[in-house]
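# Structure at a glance
Residue strings, one per chain:
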Amino acid sequence: MGSTGKSSPSIGAEGDDSLYPIAVLIDELRNEDVQPPLESLATVEETVVRDKAVESLRKISQEHSPVDLEVHFVPLVKRLASGDWFTSRTSACGLFSVCYPRVSSTVKAEIRQHFRTLCSDDTPMVRRAAASKLGEFAKVLELDYVKSDIIPLFTALASDEQDSVRLLAVEAGVSIATLLPQEDLEALVMPTLRQAAEDKSWRVRYMVADKFSELQKAVGPEITKTDLVPAFQNLLKDCEAEVRAAAANKVKVFCENLPEDSRETIIMTHILPCVKELVSDTNQHVKSALASVIMGLSTILGKDNTVEHLLPLFLVQLKDECPEVRLNIISNLDCVNEVIGIRQLSQSLLPAIVELAEDAKWRVRLAIIEYMPLLAGQLGVEFFDEKLNSLCMAWLIDHVFAIREAATCNLMKLVEKFGAEWAQNTIVPKVLGMANDSNYLHRMTTLFCINALSGVCGQEITTKHMLPVVLKMSTDQVANVRFNVARCLQKIGPVLDSSALQAEVKPVLEKLATDQDMDVKYFALEAISAHSTLFTCVPSLEGEKNLMCSHGLTAESSMCTGQIVF
């Protein structure tokens, strides 16, 4: 780097080698004939630095006029492309596409030649970089040059000895396919893509499966029927689980994008047999991937086919040993509900839901809780009360706080669906009964539920049924319960009428404000302050609150807030 006559960059007395590149850069910037800093940074060994330098160079190129591009920017790209170190040549690959559209035809020819050279570079890392930018470069080329220059490069890279190069060529092939007229696709692109779909490396086949829906849209309906359907079948039957999983993920999208006139025939004849095999695949990731999309086939195939062919598969998956498979089926029930209604699945649903609700992994339990409002809406209130209500209540006393918290939120959503009257008759009595539980965590859950339910249940239920329980809990022996009473009274205050606040809430808060526990005091004073427009605060209490705050005791700093509270 740089010119002669420069002094050696100084490094700290402690000889920290990590600072050496920075020292070199500072020294270069002091020289009058310094090379562009970004060009230097684009050649360093650290990939993150190179990528950022290339990103900056790409932005800077947009600020150049066509003349300045040819005078300043293109020579920089050429220097990088012909550099001795592979690092500079990899960086060059990302710069061709940004300067090509705005330079003269002569310079364009030189740029194309440099890119061709890099595509056949001796270093695999350079060929990888070129393959990754092939599609991007093709998009800015004239169509004739796409056919004459890009297609041979694509074919060569897709046959590279390194599978890491070949898999990147697949992605480029999808981009190239979108650029070509329909009549050229079969001859110029499809032989190479067919070869990639049967590549000896599973990673290349995985990339084909992963990009299959994009490829399907690029090549159009006729080639889809003749070429892609058989290729997709093979990918669904691939010997590697990763490839089967990637293909299974695309089943719904692939079927949706099939030509409408032959969609049902193709699915029933070619795709569904493969899907049936995947339902009992030995790999759980494959089954899970399929379960996340298979329900979507019901809207494509209609009621009769769903009942006859898909419903048996859903029932098998609902009994699968893998929780993720069952969860994925349950999370997509709305698709089936639209077509055949959920009643036909209800009897098989129940055992699956119960098993998931009691799974040893708390994250699985959490996931099924999140789907419960959806299930409740589809199954109806009678089925829910009979079969699922007890599950929802059991979650409230789970030993994991995240489950108890989610269960509380779940109750609120259920009340939003089924109404306040249902809550008063079904949920509220059970929640309030927990206030007498010997476990203080369960008593606190009562308060959290009241916080969540007061708004959706309304003033009458809150005042008549919930408030007396909260007030009674203000004398609990556990300080954590008492200060959560204060917080609860603050939360439900807006739902209560002013007379209840003045006559019942205010005296309890004032008593809690004199509690021996500092946290109880603090949250009681917070609640009093929040309701100050409705009842007058005692001056001495306000002064004490200010004193507590001056000592750094706040809701955020309290040792009993956060996870310990709950």
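Residues numbered from 1 in each chain as written. Predicted model: local features only at pLDDT ≥ 70, side-chain atom pairs only at ≥ 80, totals over all residues. Heavy atoms only, no water.

A few words on the nonpolar core. Judged by nonpolar contacts, the single largest core of 190 residues is most densely connected at Ile176, Val251, Ile294, Trp395, Leu411 and Leu489. Ignoring any residue separated from it by four or fewer positions in sequence, one finds Val251 in contact with Phe232, Leu236, Ile271, Val275, Leu290, Val293 and Leu297. (Core = buried A, V, L, I, M, F, W, Y, C linked by side-chain atoms within 4.5 Å. Buried < 20%, exposed > 50% of the residue type's maximum accessible area, 1.4 Å probe, protein only. Contact = heavy atoms within 4.5 Å.)

Under the feature "repeat: HEAT" (unreviewed entry), the UniProt entry names residues 111-149, 150-188, 189-227, 228-265, 271-309, 310-348, 349-387 and 466-504. The span residues 271-309 is 77% helix and 0% strand, and its two end C-alpha atoms sit 12 Å from each other. (UniProt positions renumbered as here; feature names shortened; annotations may be inferred. Helix = DSSP H or I, 4+ residues; strand = E, 2+ residues; numbered from the N terminus.)

Our focus in this paragraph is the environment of Gln502. Inspection of the secondary structure assignment puts Gln502 in helix H31 (residues 498-512). Classification of Gln502 as partly exposed rests on a relative accessible area of 35%. When the C-alpha positions of Gln502 and His531 are compared, they lie 9.7 Å apart, and in sequence the two are 29 residues distant.

Using a probe with the size of a water molecule, rolled over the atoms, empty space left in the structure can be pinpointed. A complete count under the given rule lists two cavities of 30 Å³ or more for this structure. The computed volume of the largest cavity comes to approximately 50 Å³. Lining of the largest cavity is provided by Met190, Leu193, Arg194, Ala197, Val208, Phe212, Leu215, Asp227, Leu228 and Ala231. Elements with a minimum of two residues in the lining of the largest cavity: helix H12 (190-197), helix H14 (212-219) and helix H15 (221-236). Grouping the constituent residues of the lining of the largest cavity by class yields eight nonpolar, no polar and two charged. Taken as a whole, the second largest cavity holds about 30 Å³ of empty space. Val74, Val77, Lys78, Phe96, Ile111 and His114 are the residues that line the second largest cavity. Within the residue set of the lining of the second largest cavity, elements represented by two or more residues are helix H4 (66-81) and helix H7 (105-119). (1 Å grid on protein atoms, 1.4 Å probe; cavity = no way out; pocket = protein on both sides within 12 Å on 5 of 7 lines; lining within 4 Å. Points joined across faces, edges and corners; volume = space filled by probe spheres on them. Nonpolar A, V, L, I, M, F, W, Y, C, P; charged D, E, K, R; others polar.)

Another point: the packing of aromatic side chains. In this structure the tally under the stated criterion is 13 aromatic pairs. Between Phe96 and Phe115, the ring centres sit 5.6 Å apart and the planes meet at 90 degrees, which makes this aromatic pair edge-to-face. Of this pair, Phe96 sits in helix H6 (residues 96-99) while Phe115 sits in helix H7, and the two are 19 residues apart along the sequence. Each member of the pair, Phe96 as well as Phe115, carries the same accessibility label: buried. An aromatic cluster of at least three residues, connected via ring pairs, comprises Phe96, Tyr100, Phe115 and Phe137. Over the ring of Tyr145 we find Arg112; its NZ or CZ atom is 3.5 Å from the centre of that ring. (Phe/Tyr/Trp six-rings, centres within 6.5 Å; stacked < 30°, edge-to-face > 60°. Lys NZ or Arg CZ within 6 Å of the ring centre and 35° of its normal.)

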